[in-house]
Amino acid sequence: MAGMSPELVHVDDHLIVALKPAGLLSVPGRGEDKQDCLSARVQAVFADALVVHRLDMGTSGLLVFGRGKEAQRRLGDAFAERQVDKRYVAVVDGRVGEPTGEIDLPLIVDWPNRPLQQVDKVNGKPSLTRWRVLGHDPASDTTRVELEPVTGRSHQLRVHLLAIGHPIVGDALYAPPDVRARAPRLLLHAQSLALPHPAHGRVLSFVAPAPF
């Protein structure tokens with residue numbers, strides 16, 4: 001895995017979109033064994049590539065880099081100002097009954113168990129996820145859902161789905177052991193992105209279908 005060439009979805013003078021595989025860090029972690037990551041692999045090809053946002057290690061999908069500090073700043077502002085449309089696909093435990101809905105539950109770090117997050121209606125930060133059912137699999141008692149994180153809290157999608165009784169299959173941090181064991185990876189994928197280009201502002205859209 002270490003040093004493998006990144007899978008690139010889009011490259012221009014201002015912007016790079018790469019596909020992060022599940023199990024790879026977005027940025028370096030602490031320690032020599034955590035230096036291989038998507039940002040390092042992209043920077044090995046494009047030295048001016050700077051991280052704009054992150055995906056959890058277990059999550060696969062589309063990740064954006066700005067080329068140079070000005071592009072990074074403009075893209076970061078677009079994320080902060082919610083000008084970026086992000087959609088994820090997940091497979092969750094159980095049958096989600098309603099066709100669409102939203103989860104509006106404030107989140108905060110579970111300090112004794114960090115980096116885990118938890119719902120805290122008193123001290124948590126406002127967090128909103130919209131979801132749409134894509135299909136049910138009666139044989140495995142799972143539901144495939146499209147997720148739109150309106151806010152971008154750490155582990156937001158994973159904690160929100162757990163909170164409504166539908167943990168993500170393969171989630172080693174939040175799912176019960178039986179749900180965790182039903183997949184070799186977290187079944188969460190950043191499938192689509194639409195964002196304003198940092199140079200001219202026109203909206204670009206990217207799609208990378210879920211590999212599960």
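Please refer to the structure placed before this passage.
Residues numbered from 1 in each chain as written. Predicted model: local features only at pLDDT ≥ 70, side-chain atom pairs only at ≥ 80, totals over all residues. Heavy atoms only, no water.

**Focus on the nonpolar core**
Nonpolar side chains in soluble globular proteins tend to end up buried together. For clarity, the threshold we go by: Among buried residues, those of type Ala, Val, Leu, Ile, Met, Phe, Trp, Tyr and Cys that are joined through side-chain atoms within 4.5 Å constitute a nonpolar core. Accessible area is worked out with a 1.4 Å probe on protein chains only. A residue is then buried under 20% of its type maximum, exposed over 50%, and partly exposed in between. Runs of H or I in DSSP of at least four residues are treated as helices and runs of E of at least two as strands, each being numbered from the N terminus. Residues count as neighbours in contact if any of their non-hydrogen atoms are within 4.5 Å of one another.
The biggest cluster of nonpolar side chains holds 32 residues, and the ones touching the most others in it are Phe65, Leu147, Ile168 and Leu188. Those elements that place two or more of their residues in this core are strand 2 (15-20), helix 1 (38-45), strand 4 (60-67), strand 5 (85-93), strand 9 (128-137), strand 10 (142-149), helix 3 (156-163) and strand 11 (188-196). Top contributing element to this core by residue count: strand 5, with four residues. In this structure Ile168 touches Ala90, Val91, Val92, Leu157, Arg158, Leu161, Ala175, Val179, Leu186, Leu187 and Leu188, once residues within four positions along its chain are discounted. Grouped together as the second largest cluster of nonpolar side chains are 14 residues, Val17, Leu19, Val64 and Val84 included.

**What about the packing of aromatic side chains?**
Pairs of aromatic rings are described using the distance from one ring centre to the other and the angle between the two planes. As a reminder, the rule being used: Planes of paired rings set the category: under 30 degrees apart is stacked, over 60 is edge-to-face and the rest tilted, where pairs are Phe, Tyr or Trp rings (Trp by its six-membered ring) whose centres lie within 6.5 Å. Consider the ring centre and the ring normal. A charge sits over the ring if Lys NZ or Arg CZ is within 6 Å of that centre and within 35 degrees of that normal.
Following the criterion strictly, the structure yields zero aromatic pairs and no others. Stacked on the ring of Trp111, the Lys or Arg Arg114 has its end atom at 4.1 Å from the ring centre.

**With respect to the pattern of salt bridges**
Counted only if it meets this: By salt bridge we mean one thing: a side-chain nitrogen of Lys or Arg within 4 Å of a carboxyl oxygen of Asp or Glu.
All told, the structure shown has 15 salt bridges when counted by the stated rule. Residue Asp48 pairs with Arg67 through a salt bridge whose shortest N-O separation is 3.0 Å. Linking Asp48 in the loop between helix 1 and strand 3 (49-51) with Arg67 in strand 4, this pair joins segments that are 19 residues apart in sequence. Put simply, Asp85, Arg87, Glu102, Arg130, Arg132, Glu146 and Glu148 are held in one network by salt bridges that share partners.

**As for helix 3**
Of all eight residues in helix 3, six are buried, a share of seventy percent or more. Where helix 3 is concerned, the buried positions are Gln156, Leu157, Arg158, Val159, His160 and Leu161. Two residues or fewer after helix 3 comes Gly165, characterised by a positive phi angle close to 90°.

**Some words on the pairing of strand 9**
The condition is simple: DSSP calls a pair of strands paired once it identifies at least 2 bridges connecting them.
As judged from the five bridges shared by strand 6 (residues 100-104) and strand 9, these two strands associate in the antiparallel manner. Counted as the bridge partner of Thr100 is Arg132 from strand 9. In this sheet, strand 10 lies alongside strand 9 in antiparallel orientation, the contact comprising eight bridges. Among the inter-strand pairings, Trp131 is bridged to a residue of strand 10, identified as Leu147.

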